[in-house]
Amino acid sequence: MTVLTVKLPAQDTNYDLKIKKGILRQVGSETSKIFTGSKIAVITDETVHGYYGASVITDLEAAGFDVHCIVLPPGEQTKTFDSMPAIYSSLAAFGLTRSDLIIALGGGVIGDITGFVASSYLRGISFVQIPTTLLAQVDSSVGGKVGVDLPEGKNLVGAFYHPSLVLIDSLVLETLTDSAFSDGMAEVIKYGCIKDLSLFNQLLELTSRTEVMEKIDWLIETCCTIKKNIVQADEKDLGERMILNFGHTLGHAIEAYYHYEKYTHGQGVAIGMVAISRIAETKQLTKVGTTERLVTLLQQHHLPTELTDHEDYPHLLSYIKKDKKNIDGSLTVVVLTDIGHAQNKPTALSFFDSLTIGGITN
Ligand code: NAD
Ligand code: GLY
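Residues numbered from 1 in each chain as written. Chains lettered and ligands numbered in written order. Predicted model: local features only at pLDDT ≥ 70, side-chain atom pairs only at ≥ 80, totals over all residues. Heavy atoms only, no water.

A.B. asks: What is the right way to look at helix α7 (residues 197-205) in this model?
C.D. replies: An α-helical turn contains 3.6 residues, so a residue and the one three or four places further along point in the same direction. For α7, every residue scored as buried is listed here: Leu-199, Phe-200 and Leu-203. For α7, the buried positions fall inside an angular range of 100° around the axis, keeping them on one side. Close packing links the buried residues of α7 with α6 (178-195), α9 (216-233) and α12 (290-300). Its side-chain oxygen placed 3.2 Å from the backbone nitrogen of Ser-198, Asp-196 serves as the N-cap of α7. (Buried < 20%, exposed > 50% of the residue type's maximum accessible area, 1.4 Å probe, protein only. Helix = DSSP H or I, 4+ residues; strand = E, 2+ residues; numbered from the N terminus. Arc of directions from axis to C-beta. Contact = heavy atoms within 4.5 Å. Polar contact = N/O pair within 3.5 Å; in protein donor to acceptor, adjacent residues only side chain to side chain.)

A.B. asks: I tried to follow the pattern of salt bridges on my own but got confused; where do I start?
C.D. replies: Side chains that carry opposite charge are capable of pairing whenever their charged atoms lie near each other. One pass over the full model with this rule turns up 17 salt bridges. A salt bridge links Lys-79 to Asp-112; the shortest N-O distance between them is 2.9 Å. Linking Lys-79 in the loop between β4 (66-72) and α3 (84-94) with Asp-112 in helix α4 (residues 108-120), this pair joins segments that are 33 residues apart in sequence. The shortest N-O distance in the salt bridge between Lys-79 and Asp-149 comes to 3.9 Å. In this pair, Lys-79 sits in the loop between β4 and α3 while Asp-149 sits in strand β7 (residues 145-150), placing the two residues 70 residues apart along the sequence. For Lys-79, a relative accessible area of 3% translates into the label buried. (Salt bridge = Lys/Arg side-chain N within 4 Å of Asp/Glu carboxyl O.)

A.B. asks: For this particular structure, what's the right way to read α3?
C.D. replies: What α3 keeps buried is the set Met-84, Ile-87, Leu-91 and Phe-94. For α3, the angular spread of buried residues about the axis comes to 90°, placing them on one side. Opposite the packed face of α3, turned more than 90 degrees from it, sit the exposed residues Ala-86 and Ala-93. Its buried side turned inward, α3 meets β3 (39-45), β4, β5 (101-106), α4 and β7. Backbone geometry just downstream of α3 places Gly-95 in the positive-phi region, at approximately 80°.

A.B. asks: What is the right way to read the site of ligand 1 from this model?
C.D. replies: Residues in contact with ligand 1 amount to 26 residues; listed here are only the nearest, Asp-45, Glu-76, Thr-132, Thr-133 and Thr-175. In this structure, Lys-79 approaches ligand 1 through a side-chain N or O atom, which is 2.9 Å from an oxygen atom. Take Lys-227: an N or O atom from its side chain is 3.4 Å from an oxygen atom of ligand 1. Contact with the protein chains removes 89% of the 860 Å² of surface that ligand 1 exposes when unbound. Those elements giving two or more residues to the shell around ligand 1 turn out to be α2 (46-62), α4, α5 (134-140) and β8 (153-160). The element best represented in the shell around ligand 1 is α2, accounting for four residues. When the residues that make up the shell around ligand 1 are grouped by side-chain class, the tally is eight nonpolar, nine polar and nine charged. (Near = heavy atom within 4 Å. Areas by Shrake-Rupley, 256 points an atom, 1.4 Å probe, with all protein chains shown as cover. Nonpolar A, V, L, I, M, F, W, Y, C, P; charged D, E, K, R; others polar.)

A.B. asks: Help me understand the site of ligand 2, please; the structure alone is not making it clear to me.
C.D. replies: Close to ligand 2 lie Asp-139, Lys-145, Lys-227, Arg-241, Leu-244 and Asn-245. Side-chain polar atom of Asp-139 to a nitrogen atom of ligand 2: 3.4 Å apart, as the coordinates give it. Looking at the shell around ligand 2 residue by residue, the classes come out as one nonpolar, one polar and four charged.

A.B. asks: In this structure, what is going on with the side chain of Thr-290? I would like to understand it.
C.D. replies: Checked against the element boundaries, Thr-290 lands in helix α12. Judged by relative accessible area, Thr-290 falls into the buried class, the value being 1%.

A.B. asks: Quick question: what am I supposed to make of the environment of Leu-167 here?
C.D. replies: Note that Leu-167 resides in strand β9 (residues 165-168). For the pair Leu-167 and Asp-16, spaced 151 residues apart in the sequence, the C-alpha separation amounts to 8.4 Å. When neighbours within four sequence positions are excluded, Leu-167 is seen to be in contact with Lys-18, Ile-23, Val-27, Glu-30, Gln-129, Ile-130 and Pro-131.

A.B. asks: I would appreciate a short explanation of the sheet that holds β9 in the present structure.
C.D. replies: Think of a sheet as strands paired side by side through backbone hydrogen bonds, with each pair either parallel or antiparallel. On the basis of which strands lie adjacent, the open sheet formed by seven strands has the order β1-β2-β9-β6-β5-β3-β4 and mixed pairing. With one partner strand each, in any of the chains shown, β1 (2-8) and β4 form the two edges of the open sheet. Geometrically, the sheet is characterised by an average inter-axis angle of 15° between neighbouring strands, direction not taken into account. Note: β5 against strand β6 (residues 126-131), six bridges, orientation parallel. Following the sheet pairing, Leu-101 is matched in β6 by Ser-126. Most of the contacts of α9 go to β1, to which it runs at about 10°, and overall it touches β1, β2 (13-19) and β9. (Pairing = 2+ DSSP bridges. Axes fitted to C-alpha atoms, helices over the stretch in contact; angles between N-to-C directions.)

This is the structure in structure tokens:
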């Protein structure tokens, strides 16, 4: 087992990320190490519940816990404010108190909404993340960003609220669809782009999902180590942490513009990373040729690199304006100086002007 500890000195808080094949079958004993209460609410989605719900609940009950399970519809449409009242009511009906625990069992959608519920129910209750997608295992379960979407845009309501424990079992990735697996690869590739040339080059050597799975625990550990170090240095996203948002301003705009139906988060981020790199290359901020290398790697992992409807690019601008990083028309965008090196670039919204003239769509 690999254990990485996220240390947040400002809060005098530490929590472990435990990475081990099969750790899902030890959820009862692992939870007992950090929780001495009796009631646990597990929040999951229908798909994950179908695969893993029964075994997780049985294991927790065998460890002596009183377990209540809340099963939500799968997909980004669940990550909205409207989903929350029914969840709070269900927790209250179960009699969950402040000294009890919530477990998020699922992908980034379940992790984000469950974490936000945990941050606000009874003004805050402990929670554990059990991420079941590659994206959640390398990114969303770590670092304490929790929240939901509004019709106006992505992740516009939320909090910084860290889990007490993250249990990462790569065996559960076997049941992911190819598309959901590729979504996770978008974030893995992001880490190579922003921080780790060697990771980027090793990903170029992996030409199939099977080859990725042969290295999966190493990949998860590498990505979580990068994320943990960045979060420790800048928990509240005021400086270095912003580089984790490489491609995300455009990615979030793409998701929202198509009402979270046409492109997933990973696909939006993939297209966003390419678009921002193209713009930054034309402005001599990014080394020439970087975008081409990025496109090659994304395509190798079955990710889109541009919108299918090029005429939609200009429409993204109105969503970029609603980005929570937009303050009075100033926005910090993340650009690569080269593969493995990212930089925060304070800029005006006019940075994105070439979106309106189609200059990035070729
Ligand atoms: P998701 O949670 O919707 O999961 C994708 C699909 O896979 C769902 O249909 C789900 O039911 C299914 N699934 C999950 N685990 C499975 C398994 N083991 N086997 C079979 N099917 C499984 O999506 P996601 O890609 O995991 O997460 C995307 C979300 O994460 C977005 O809302 C994004 O904003 C958020 N996110 C948050 C952070 C953060 O720091 N909080 C970082 C990155 C992304
Ligand atoms: N996914 C971006 C962050 O955690 O900061």
